[in-house]
Amino acid sequence: MLTPQHPEALDADSGPLHYRSQAAAYPSHAAHSIPLGTHDTTSPRLALRWLQERTRHITDQLDAAYAQPGLHWLIDEAEHERALAHMTAGTGYQLTLHDENAHYVLTAHRMGAAS
């Protein structure tokens, strides 16, 4: 019998759960967002890792003052646990960063769940 690697990713009624993480840039003076990536997984922890990776990519490209909130978020273990709790409970999690030209929105949520 096979068992899942991530038991928290099982729902008794529907089998494995799926989580989607997304990142997008919203330029200040544009009508449309710019997708920065999407990642699907069966674990909220893997969804969080993807958010962390994309946050590093974004903060690497921001000026130091604008990167600071994202850099702080990357080391904030309590906030990471809160994010995991939200995703596991079926609610979404969102991190927003910005600079003078755009907002960067990173989200993670359980598929089929209201976020």
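Throughout this description, residue numbers start from 1 for each chain and increase along the sequence as written. pLDDT decides what is reported in this predicted model: residues at 70 or higher carry local features, side-chain atom pairs at 80 or more are listed and counted, and totals for whole chains, interfaces and linings draw on all residues regardless. Excluding hydrogens and water, the side-chain values take into account all heavy atoms of the structure.

Trainee: Which residues make up the pairing of strand 5 (residues 93–98), and what are the values?
Mentor: Accessibility here uses a 1.4 Å probe with only protein chains present; expressed as a share of the type maximum, an area under 20% marks a residue as buried, one over 50% as exposed, and anything in between as partly exposed. Helix and strand definitions follow DSSP, with helices as H or I runs of at least four residues and strands as E runs of at least two, each counted in order from the N terminus. Residues of strand 5 alternate between two faces, with Y93, L95 and L97 buried on one and Q94, T96 and H98 left unburied on the opposite face. Across 6 bridges, strand 5 lies against strand 6 (residues 102–110) in antiparallel orientation. Bridge pairing links Q94 to T107 in strand 6. Paired strands are those between which DSSP finds at least two bridges.

Trainee: Tell me about the packing of helix 2 (residues 64–75) against helix 3 (residues 77–89), residues and numbers included.
Mentor: At a closest axis distance of 5 Å, the pairing of helix 2 and helix 3 adopts a crossing angle of 75 degrees. One way to sum up the angle between helix 2 and helix 3 is to call them roughly perpendicular. Contacts between helix 2 and helix 3 involve W73, L74 and I75 from the first element and E77, E79 and H80 from the second. All amino acids are sorted into three groups, where Ala, Val, Leu, Ile, Met, Phe, Trp, Tyr, Cys and Pro are nonpolar, Asp, Glu, Lys and Arg are charged, and the leftover types, Gly among them, are polar. The class makeup of the residues in the contact of helix 2 with helix 3 is 3 nonpolar, 1 polar and 2 charged. Note on geometry: axes are lines fitted to C-alpha atoms, helical ones only across the stretch in contact, with angles between N-to-C directions running from 0 to 180 degrees. An angle counts as roughly parallel when it lies under 35 degrees, as roughly antiparallel when it exceeds 145, as roughly perpendicular when it falls between 65 and 115, and as oblique in every other case. Two residues form a contact once any of their heavy atoms are found within 4.5 Å.

Trainee: Report on the environment of L106, specifying residues and quantitative values.
Mentor: Topologically, L106 is positioned in strand 6. With a relative accessible area of 0%, L106 lands in the buried category. A sequence separation of 55 residues divides L106 from L51, and the C-alpha atoms of the two residues are 6.7 Å apart. If we skip the residues at most four places from it in the chain, L106 touches Q22, A23, L51, R54, T55, I58, Y93, Q94, L95 and L97.

Trainee: Which residues make up the pairing of strand 4 (residues 34–41), and what values do they have?
Mentor: Strand residues, when the strand is regular, have side chains that alternate between the two faces of the sheet. As paired strands, strand 3 (residues 19–27) and strand 4 are joined by 7 bridges and run antiparallel to one another. Directly across from A25, in strand 4, lies its bridge partner I34. Hairpin remark: strand 3 followed by strand 4, antiparallel, with 6 residues in the connecting loop.

Trainee: How would you explain the sheet that holds strand 4 if you had to name every residue and give the values?
Mentor: Judged by pairing direction, the sheet is antiparallel, and its 4 strands sit side by side in the order 4-3-6-5 without closing on themselves. A single partner strand is all that each edge strand has here, and the edge strands are strand 4 and strand 5. Geometrically, the sheet is characterised by an average inter-axis angle of 10 degrees between neighbouring strands, direction not taken into account.

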